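Examining the three-dimensional arrangement
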Amino acid sequence: MKSKHNSSGNRTRSTISIFVVIALCCFFYLLGAWQKSGFGKGDSIAFPVTKQTDCSKVFTDLNFETHHNIDEIVEPSEPKAKEFKPCDVKYADYTPCQEQDRAMKFPRENMIYRERHCPPEEEKLHCLIPARKGYMTPFPWPKGRDYVHYANVPYKSLTVEKAVQNWVQFQGNVFKFPGGGTMFPQGADAYINELASVIPISDGSVRTALDTGCGVASWGAYLLKRNVLAMSFAPRDNHEAQVQFALERGVPAVIGVLGSIRLPYPSRAFDMAQCSRCLIPWTANDGMYLKEVDRVLRPGGYWILSGPPINWKTYYKTWKRSKEDVQAEQRQIEALAESLCWEKKYEKGDMAIWKKKVNTKSCKSKSVNVCQTEDADDVWYKKMDTCVTPSPEVTNANEVAVGALKFPARLYAVPPRIANGLVDGVTTESYQEDNKLWKNHVNTYKRINKLIGTTRYRNVMDMNAGLGGFAAALESRKSWVMNVVPTIAKNTLGVIYERGLIGIYHDWCEGFSTYPRSYDLIHASGVFSLYKNECNLEDILLEMDRILRPEGAVIFRDEVDVLNKVRKIVGGMRWDAKIMDHEDGPLVPEKILVVVKQYWVASSGNSTSNDQ
């Protein structure tokens, strides 16, 4: 009897001990949130306890794999503060700041109506954008470059309009992209080979490129195998879904246009830029558009023009223009290029190539209309100007104004903007420390989610890119990263381009210039702390849901109190969420929240459901 009593007492004491350990663990977990320094008087107790008991086990593991045959959505067990309903299926391809109905209210002059025009607060949607019935995860790269599921982008018009130009073909339940374009119907590879006879594409000298009026972005798609990242853009116009096709293929692209507003890129960003029958009026408005290309083109960079007015002697009748008209247009372009300190390197058939001089000291003529602005990177909603953006000063005529490092060496070399002290608060030492930090963070992310670094996550976005450390640590042919520098954050986008990465300016209080379901993985470090006093966090999360693909993932990194607010909201968004400690332990107030967007699609009617 005594033995039985002692055994019972031991079990009781053991049970109490377990509860005490768990209570202590969770207490010190919360303590970490309260102690902003990350260290406190409880450290000596907290560390041994947390080694014994893993509080994170109260969360179920997330499933990152695709599984389109699931029958129903498993809702989170805890009550949601607010449940977001699905939007009507008519919004399946909703692009809030580039909607056709709103665009038609603005002037046609200088393509103003094709620029960003975001809805006022009272017109914002507060629902979840649905995928269409039959939606499938895009084909993995490199197959995805050439094939797209019809159900994901059900638009056939380009297969008819551009049939002879080899843009896209419809085959059964998929679209096939043969790699053609208006000016390269025989394929982008052959076109790029011709470029490579003049431009050093293969040796790492050219890493970043800009495609104005990109179509379905086959030029950018085929540059990727040569390790060149092209930022492609085209307006949302009569050629419906061209940018959507590009993103579905796994190629960097945004909705955009050369209009009246400056491009959302920093000065001296791109090593190469092209217009392949983009139909941009380069000589209009005192050459304003060519001067904007000059602003974003690095000294020593190349500009390619294929299409009108090049080879006008052959095509002027087809274009229904007079000899005098097209000849005058080409002469104006030649004069503009010379005034911008560009040297013509090549003209054959339908193509001409210019090279921007490596510095202004080597120019034959000096521009009389130099921009007086102190910040050529201050471009968000700023009017385009007809002045010429000056290049950095150099000491002699042979010095490259922005450095001459090739890729991949420039990925981790100290960028010129930092070396020259042009980024406030960033030194060579802090830049190198930032790189170490992000290598560590990305290693942690890969332990959390084994799919990171594989072709499953092809299109990746960093919502608050800083110096580009996340993208640099993730650098691989298997994926690309859209580095977003918020307009209210420190302006570091020029540094990101100097590293051989690509990105864009954006204000997260507004919709991003892309189609729904554009990205496989989104990284959001410090975004919600940055915007907590700027706009509604709910709106930012709904925008993230819009651009995230079904079964895509998001990694949040922020203060624990901010992430708790985020976690409460996403509980009503059909996202599965798990919060975990910082790499350095539970006492660090910064935490990691990982979510997976559930798979659900629109029903056959105007409402939505979980039907497959």
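First, a word on scope: everything that follows refers to the structure included in this document. (Residues numbered from 1 in each chain as written. Predicted model: local features only at pLDDT ≥ 70, side-chain atom pairs only at ≥ 80, totals over all residues. Heavy atoms only, no water.)

Across all of its chains, the model carries 21 aromatic pairs by this definition. Between W380 and Y381, the ring centres sit 4.9 Å apart and the planes meet at 65°, which makes this aromatic pair edge-to-face. Overall, Y381 belongs to the partly exposed group, its relative accessible area being 35%. Grouped by ring-pair contacts, the aromatic residues Y150, F170, F175, F177 and F245 constitute a single cluster. If you follow R108 out to its NZ or CZ, it ends over the ring of Y113, 4.6 Å from the centre. Here R207 stacks its cationic end above the ring of F407, 3.7 Å away from the centre of that ring. (Phe/Tyr/Trp six-rings, centres within 6.5 Å; stacked < 30°, edge-to-face > 60°. Buried < 20%, exposed > 50% of the residue type's maximum accessible area, 1.4 Å probe, protein only. Lys NZ or Arg CZ within 6 Å of the ring centre and 35° of its normal.)

This brings us to the nonpolar core. In terms of nonpolar packing, the biggest core is built from 136 residues, with Y265, W282, M544 and F556 touching the most fellow members. Counting residues per element, this core draws most heavily on helix 17 (residues 537-547), at six residues. Not counting residues within four places of it along the chain, the set of residues in contact with W282 comprises T212, L258, C275, G287, Y289, L290, V293, W303, L305, I333 and L336. (Core = buried A, V, L, I, M, F, W, Y, C linked by side-chain atoms within 4.5 Å. Helix = DSSP H or I, 4+ residues; strand = E, 2+ residues; numbered from the N terminus. Contact = heavy atoms within 4.5 Å.)

The next thing to look at is the packing of helix 9 (residues 284-296) against helix 11 (residues 323-339). Axis separation between helix 9 and helix 11 bottoms out at 10 Å; the angle between their running directions is 60°. When the axis of helix 9 is compared with that of helix 11, the two are oblique. Where helix 9 crosses over helix 11, the handedness of that crossing is right-handed. For the pair formed by helix 9 and helix 11, the contact residues are D286, G287, L290 and K291 on the first element and I333, L336 and A337 on the second. (Axes fitted to C-alpha atoms, helices over the stretch in contact; angles between N-to-C directions. Parallel < 35°, antiparallel > 145°, perpendicular 65-115°, else oblique. Left-handed = near helix turned anticlockwise from the far one by under 90°.)

It is worth spelling out the state of the cysteines at this point. Overall, the coordinates contain five disulfides when judged by the stated rule. Through a disulfide, C87 is tied to C127; the S-S separation comes to 2.0 Å. The chirality of the disulfide connecting C87 with C127 is right-handed, given an S-S dihedral of about 100°. With a gap of 40 residues between them, C87 in the loop between helix 2 (43-52) and helix 3 (100-103) and C127 in the loop between helix 3 and helix 4 (143-146) connect regions that are remote in the sequence. Under the relative-accessibility criterion, C87 is labelled buried at 3%. With a sulfur-sulfur separation of 2.2 Å, C509 is cross-linked through a disulfide to C535. Across the S-S bond of C509 and C535 the torsion is about -90°, and the bridge reads as left-handed. Separated by 26 residues along the polypeptide, C509 in the loop between strand 13 (502-506) and strand 14 (519-525) and C535 in the loop between helix 16 (527-531) and helix 17 bring together distant segments of the chain. (Disulfide = S-S within 2.5 Å.)

We now examine the sheet that holds strand 2 (residues 169-171). Pairing is antiparallel across the open sheet formed by three strands, whose spatial order is 1-3-2. Strands at the two margins of the open sheet, each flanked by one partner only, are strand 1 (147-149) and strand 2. Neighbour-to-neighbour, the strand axes of the sheet open up by a mean angle of 30°, direction not taken into account. Where strand 1 lies against strand 3 (residues 174-176), three bridges are found, and the strand directions are antiparallel. Following the sheet pairing, H149 is matched in strand 3 by V174. (Pairing = 2+ DSSP bridges.)

What follows concerns empty space enclosed by the protein. Applying the stated rule across the entire model yields five cavities of 30 Å³ or more. Of all the elements in the fold, those that place two or more residues in the lining of the largest cavity are strand 6 (253-255) and strand 13. For the lining of the largest cavity, the element with the highest residue contribution is strand 13, accounting for three residues. Class assignment of the residues belonging to the lining of the largest cavity gives a composition of 14 nonpolar, four polar and four charged. Taken as a whole, the second largest cavity holds about 70 Å³ of empty space. What lines the second largest cavity is simply C97, Q98, E99, Q100, R102, A103, Y113, R114, E115, H117 and R236. (1 Å grid on protein atoms, 1.4 Å probe; cavity = no way out; pocket = protein on both sides within 12 Å on 5 of 7 lines; lining within 4 Å. Points joined across faces, edges and corners; volume = space filled by probe spheres on them. Nonpolar A, V, L, I, M, F, W, Y, C, P; charged D, E, K, R; others polar.)

Right, let's get into helix 9. Given a rise of 1.5 Å per residue, 13 residues ought to cover 18 Å, and the 19 Å separating the end C-alpha atoms of helix 9 matches this to within 8%. Along helix 9, the sharpest change in direction is near 25° and occurs at L290. In terms of burial, helix 9 is a largely internal element, ten of the 13 residues being buried. Taken together, the buried positions of helix 9 are occupied by G287, M288, Y289, L290, K291, E292, V293, D294, R295 and V296. Packing partners of the buried residues in helix 9 comprise strand 4 (208-212), strand 7 (270-276), strand 8 (297-306), helix 11, strand 9 (342-348) and strand 10 (351-356). (Expected span 1.5 Å × (residues − 1). Bend = angle between axes of the 7 residues up to and from the residue.)

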